[in-house]
Amino acid sequence: MLKSYFESKIHSYAQQYFTAHPEVTLVAVTGTIGKSSTKRALATVLSQAYRVRMHDQLANTSFDVDLALLGIEAPAKWRLKDMRLALKAAKYQLKNPPTVDVIIQDLVVDKAGAMAHYGTYLHPTVAVVTAVTSELLDSFGTLEATAREELAVAGIAEYVLINRDDVPGRFANFETNANFNTYGSAGSAEFRVDPQDT
């Protein structure tokens, strides 16, 4: 009971964060693979001009997402003292000027409706879809269902960037946002990257 109360309080603070700090830009990263490397690449580029928050670890639950949005590191095991400190840190994040300009956050999509849940309180300025592959077939059953959920981020973001190499074109009809482009090494990508040997 205490744990569920604690998680609901953290979720409430995460919901309030972007209302309290509308100047902070959220970049959401989703996809079945490639989220860590994409987050690191984005952070490397954006940190040249902005204060960036990015947890290196991938989130495993929506609670992990809430903690990361608030800049709170999770201990190996939650004790009462840790919960109090986390709540204090969350309140601090809400009441004080932001310490970041950009938050880069991966979104956990492990069941149908996960993206709709995020849409109740997150509205990313930019969303990046890294890949739609078979890694989540146990959760979604089909690649089409996986694609539908991963690409649902388009419904909550202002702008979407899709990896043309790892998101099959047949899923384009799941893209619901007119403000999108593609990237990749494929000739059909709007933003083209030429792989080079290093």
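Here's what I pulled together on the structure shown here. Just so you know, these numbers come straight off a predicted model, no measurement behind them.

**Re a nonpolar patch on the surface**
Inference 1: A surface patch of nonpolar side chains, amounting to about 310 Å² of accessible area, comprises Leu 2, Tyr 5 and Leu 80.
Inference 2: Position of Leu 2 relative to the elements: it lies in helix 1 (residues 2-20).

**Thoughts on the environment of Val 193**
Inference 1: Structurally, Val 193 can be placed in the segment after strand 7 (191-192).
Inference 2: Since its relative accessible area comes to 48%, Val 193 is described here as partly exposed.
Inference 3: Residues Val 193 and Tyr 183, spaced 10 residues apart in sequence, show a C-alpha to C-alpha distance of 7.3 Å.
Inference 4: With near-sequence residues (within four places) excluded, Val 193 lies in contact with Gly 184 and Ser 185.

**Points about the environment of Thr 182**
Inference 1: Relative to the helices and strands, Thr 182 resides in strand 6 (residues 180-184).
Inference 2: Considered as a pair, Thr 182 and Ile 162 are 20 residues apart in the sequence and their alpha carbons are 4.6 Å apart.
Inference 3: Sequence-distant contacts of Thr 182, defined by excluding residues within four places in its chain, comprise Leu 161, Ile 162, Arg 164, Ser 188, Ala 189, Glu 190 and Phe 191.
Inference 4: A distance of 2.3 Å separates a polar atom in the side chain of Thr 182 from a polar atom in the side chain of Glu 190.

**Thoughts on the nonpolar core**
Inference 1: The biggest cluster of nonpolar side chains holds 47 residues, and the ones touching the most others in it are Ile 10 and Tyr 118.
Inference 2: The set of elements that each furnish at least two residues to this core consists of helix 1, strand 1 (25-30), helix 3 (62-69), helix 4 (80-95), helix 5 (114-119), strand 4 (126-129) and strand 5 (159-163).
Inference 3: Ranked by residue count, the leading element in this core is helix 1, at six residues.
Inference 4: Contact partners of Tyr 118, with chain neighbours within four places excluded, come to Ser 62, Val 65, Leu 107, Val 108 and Ile 156.
Inference 5: Listed in part, the five residues of the second largest apolar core include Val 27, Val 29, Ala 43 and Val 102.

**Looking at the packing of aromatic side chains**
Inference 1: Under the criterion given, the structure shown has five aromatic pairs.
Inference 2: Grouped by ring-pair contacts, the aromatic residues Phe 6, Phe 63 and Trp 78 constitute a single cluster.

Scoring rules and cut-offs
Residues numbered from 1 in each chain as written. Predicted model: local features only at pLDDT ≥ 70, side-chain atom pairs only at ≥ 80, totals over all residues. Heavy atoms only, no water. Patch = residues over 30% accessible without salt bridge, like charges linked within 9 Å, V, L, I, M, F, W, Y side chains within 5 Å. Areas by Shrake-Rupley, 256 points an atom, 1.4 Å probe, with all protein chains shown as cover. Salt bridge = Lys/Arg side-chain N within 4 Å of Asp/Glu carboxyl O. Helix = DSSP H or I, 4+ residues; strand = E, 2+ residues; numbered from the N terminus. Buried < 20%, exposed > 50% of the residue type's maximum accessible area, 1.4 Å probe, protein only. Contact = heavy atoms within 4.5 Å. Polar contact = N/O pair within 3.5 Å; in protein donor to acceptor, adjacent residues only side chain to side chain. Core = buried A, V, L, I, M, F, W, Y, C linked by side-chain atoms within 4.5 Å. Phe/Tyr/Trp six-rings, centres within 6.5 Å; stacked < 30°, edge-to-face > 60°.

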